[in-house]
Protein chains: 2
Amino acid sequence: MIIPVSSFITSKTRLSPFLSVDERSNLLRCMLKDIIETLKSEDISDIVITSKDDDVLSYAKSLNLDVFKESEHECDFLNLALLETIEYIKQTKTDSQILILPADIPLISTENIQYIKSHFKDFIIAPSRGGGTNLLYISDHEFIPEFGEFSFFKHQIQAKKREIPLNIYDSFFLSLDINTPEDLGELMLHGKMTQTYNYLDKINIKVKNNHGKERLNVYRK
Amino acid sequence: MIIPVSSFITSKTRLSPFLSVDERSNLLRCMLKDIIETLKSEDISDIVITSKDDDVLSYAKSLNLDVFKESEHECDFLNLALLETIEYIKQTKTDSQILILPADIPLISTENIQYIKSHFKDFIIAPSRGGGTNLLYISDHEFIPEFGEFSFFKHQIQAKKREIPLNIYDSFFLSLDINTPEDLGELMLHGKMTQTYNYLDKINIKVKNNHGKERLNVYRK
């Protein structure tokens, strides 16, 4: 199980200036906690957080998580870091199942995890909006992560080339990563049980229906 | 099985001026054809199209579908029309299962229909983005449709009041209704097998990745 986390400070810039730097940092911590809690409630505790940000790594340690510090890469750092982390897991863990989740999907449900657990022999991929990948379960460890632009389709092409039968996991709640103010609205609607919701509620984020270009009108009181 | 269709001419205004009136009308026809084809491929053919638009009704008849003309209502016409159509189905059909689908979910998959067919005793609801409902399967016919603002939650509250056990169907592909140019982008990415894709491709709609406020940059060549 790998959760790559980018910097608390420099990530989620599409939420700026709607949320301040500190608020975005708090949001990331809450989302990570929600994901970890869902995993642990389904007895998945062998979790490695990978990041190149020391703040992230010390926060992950404070949650009793295993951490892997990414090397500095000039480009495509996420996929290179994931490959390094996969290597680290192979060398250090007895159970080397590889499940990669982004750190910004706080609506991940126990049903989502149960699904993965009951399909542990498959190669599983779940879409995000915009053509990305929000869950990648690699049964064949020679698979190379290709996160980034339209990765949902790149991963499928690679699986086909490697002749790995593919299980496309069709999940709405997994598809909801948090990048824009409108995404916060989806979280406010569907995530009332999450710590992320409690935090956004505390800082007075509200959501209304909208009939304009966006579905939701997300604002502060 | 009920598919409510609003007017070909006046609907999907959030796609204007990106698509002309004629193009929006063609888009609606294609989406309807895709949904019907998916249903028929899973042996669901007892389909009633409900609309108050004569163009829609005569088009549906040309596809050999049963039609129900909505009465004129001053407000909340969709839910009143659905209630009338449910009454019509009860009186005229031997199999009076009620499945309500919107006309703008061309990515609905055969797996989605198989899921419904294998859970025919449940009350099933699937979310759309923005808090709406993109699938409602009513096993208890006293249930009153409440489509419109945040209907996903209104439907759940009603089910709870009526003590109907609820099956929330977590599907990404069902959640993708087509209302904005960005939605066309999702369709272009995931819907290569659909007639809707072929039509959008024919009129030169293209999609690129985007790192701005929207995930996809949808444009015309």
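Residues numbered from 1 in each chain as written. Chains lettered and ligands numbered in written order. Predicted model: local features only at pLDDT ≥ 70, side-chain atom pairs only at ≥ 80, totals over all residues.

Chain A has the name 2-phospho-L-lactate guanylyltransferase in an unreviewed UniProt entry, where Methanosphaera cuniculi is given as its organism. Its UniProt record gives chain A the following Subunit (unreviewed entry) comment, quoted word for word: "Homodimer." Quoted verbatim from the Catalytic activity (unreviewed entry) field of the UniProt record, the comment on chain A reads "(2S)-2-phospholactate + GTP + H(+) = (2S)-lactyl-2-diphospho-5'-guanosine + diphosphate". (UniProt positions renumbered as here; feature names shortened; annotations may be inferred.)

A. Here's a closer look at the overall build of chain A. Scanning chain A from terminus to terminus reveals eight helices and nine strands. Relative to its length of 221 residues, chain A is compact, with a C-alpha radius of gyration of 17 Å against a globular reference of 17 Å. The principal-axis extent of the C-alpha atoms belonging to chain A is close to 50 × 35 × 35 Å. Within chain A, the proportion of its 221 residues that are buried is 46%. (Helix = DSSP H or I, 4+ residues; strand = E, 2+ residues; numbered from the N terminus. Rg over C-alpha atoms; globule rule 2.2 N^0.38 Å. Buried ≥ 20, exposed ≤ 12 C-beta atoms within 10 Å, placed from the backbone.)

B. Geometry of helix 8 (residues 195-202) of chain B. All names here are of chain B. Of all the residues in helix 8, the buried ones are Thr196, Tyr197 and Leu200. Viewed end-on, helix 8 has its buried residues packed into an arc of 100°, placing them on one side of the element. For helix 8, the exposed residues lying more than 90 degrees away from the buried face are Asp201 and Lys202. In the core, the buried residues of helix 8 are packed alongside helix 1 (21-41), helix 7 (181-190) and strand 8 (205-209). (Arc of directions from axis to C-beta. Contact = placed C-beta atoms within 7 Å.)

C. Structural context of the interface of chain B and chain A. Across the boundary between the two partners, chain B contributes 20 residues, which contact 20 residues of chain A. Mapped onto the side of chain B that touches chain A, the elements with two or more residues apiece are helix 6 (172-175) and helix 7 of chain B. If one sorts the elements of the side of chain B that touches chain A by residue count, helix 6 of chain B sits on top with three residues. In the side of chain B that touches chain A, the residues fall into six nonpolar, six polar and eight charged. (Nonpolar A, V, L, I, M, F, W, Y, C, P; charged D, E, K, R; others polar.)

D. Focus on the packing of helix 7 (residues 181-190) of chain A against helix 8 (residues 195-202) of chain A. Residues and elements named next belong to chain A. Packing of helix 7 against helix 8 leaves a shortest axis separation of 9 Å and a crossing angle of 115°. Relative to helix 8, helix 7 is oriented roughly perpendicular. Here the hand of the crossing between helix 7 and helix 8 comes out left-handed. Facing helix 7, whose interface residues are Leu184, Leu187 and Met188, helix 8 presents Thr196, Tyr197 and Leu200. Classifying every residue of the contact of helix 7 with helix 8 gives five nonpolar, one polar and no charged. (Axes fitted to C-alpha atoms, helices over the stretch in contact; angles between N-to-C directions. Parallel < 35°, antiparallel > 145°, perpendicular 65-115°, else oblique. Left-handed = near helix turned anticlockwise from the far one by under 90°.)

E. How the structure looks around the relation of the copies chain B and chain A. Laying chain B over chain A is done by rotating through 180° and shifting 0.0 Å along the axis; what remains is an RMSD of 0.0 Å. Here the copies are linked by what is in effect a two-fold axis. When each C-alpha of chain B is compared by its distance to the rotation axis, B:Phe172 comes out closest, at 1.9 Å. Looking at the interface residues of chain B, 100% of them are also at the interface in chain A, so both copies use one shared face. (Least-squares fit on C-alpha atoms with pLDDT ≥ 70 in both.)

F. Quick look at the environment of A:Ile108. All names here are of chain A. Here Ile108 is to be found in the loop between strand 4 (98-100) and helix 4 (110-117). Classification of Ile108 by C-beta neighbours within 10 Å gives buried; the count is 24. Linking Ile108 and Thr38, residues 70 residues apart in sequence, is a C-alpha distance of 7.3 Å. Residue contacts for Ile108: discarding those within four places in its chain leaves Ile35, Thr38, Phe173 and Leu174.

G. The confidence of the model for chain A, seen in detail. Per-chain confidence: chain A averages 91 in pLDDT, with 98% of residues scoring 70 or above. Scoring the predicted complex yields pTM 0.95 and, for the interface, ipTM 0.94. (pLDDT = per-residue confidence, 0-100.)

H. Quick look at the packing of helix 1 of chain B against helix 8 of chain B. All names here are of chain B. Between helix 1 and helix 8, the least distance of the axes is 8 Å, while the angle of their chain directions is 155°. One way to sum up the angle between helix 1 and helix 8 is to call them roughly antiparallel. Two secondary-structure elements touch here, helix 1 through Asn26, Leu27, Cys30, Met31, Lys33 and Asp34 and helix 8 through Gln195, Thr196 and Tyr199. When its residues are assigned to classes, the contact of helix 1 with helix 8 shows four nonpolar, three polar and two charged.

I. Structural context of helix 7 of chain A. All names here are of chain A. Among the 10 residues of helix 7, 10 are classified as buried, and the element is accordingly described as predominantly covered. Taken as a whole, helix 7 has its buried residues at Pro181, Glu182, Asp183, Leu184, Gly185, Glu186, Leu187, Met188, Leu189 and His190. Elements that come into contact with the buried residues of helix 7 comprise helix 6 (172-175), helix 8, strand 8 (205-209) and strand 9 (216-220).

J. Looking closely at the pairing of strand 5 (residues 123-127) of chain A. Residues and elements named next belong to chain A. In terms of burial, strand 5 is a largely internal element, four of the five residues being buried. Examined bridge by bridge, strand 5 and strand 7 (residues 166-168) share three bridges and lie parallel to one another. When the bridges of strand 7 are listed, Phe123 appears paired with Leu166. In the sheet, strand 5 pairs with strand 6 (residues 133-138) via four bridges, with the strands oriented antiparallel. Its bridge partner lying in strand 6, Ile125 is registered against Leu136. In this structure, the hairpin formed by strand 5 and strand 6 is closed by a connection of five residues, where Gly130 is found at a positive phi of approximately 85°. (Pairing = 2+ DSSP bridges.)

K. View of the nonpolar core. In this structure, A:Ile35 and B:Ile35 are the most contacted members of the largest nonpolar core, which totals 114 residues. When residues no more than four places from it in sequence are discounted, the contact partners of B:Ile35 are B:Ile3, B:Leu101, B:Ala103, B:Ile105, B:Pro106 and B:Ile108. (Core = buried A, V, L, I, M, F, W, Y, C linked by C-beta atoms within 7 Å.)

L. Up close: the environment of A:Leu166. All names here are of chain A. Within the secondary structure layout, Leu166 lies in strand 7. Leu166 gets classed as partly exposed once you count the C-beta atoms within 10 Å, which come to 13. Apart from the residues lying within four places of it in its own chain, the contact partners of Leu166 are Phe123, Ile125, Gln156 and Ala159.

M. Local environment of the pairing of strand 9 of chain A. All names here are of chain A. As defined by bridge partners, strand 8 adjoins strand 9 across five bridges and the pair is classed as antiparallel. Within strand 9, the residue paired with Ile205 across the bridge is Arg220. Where strand 8 folds back on strand 9, the antiparallel hairpin that results is connected by six residues.

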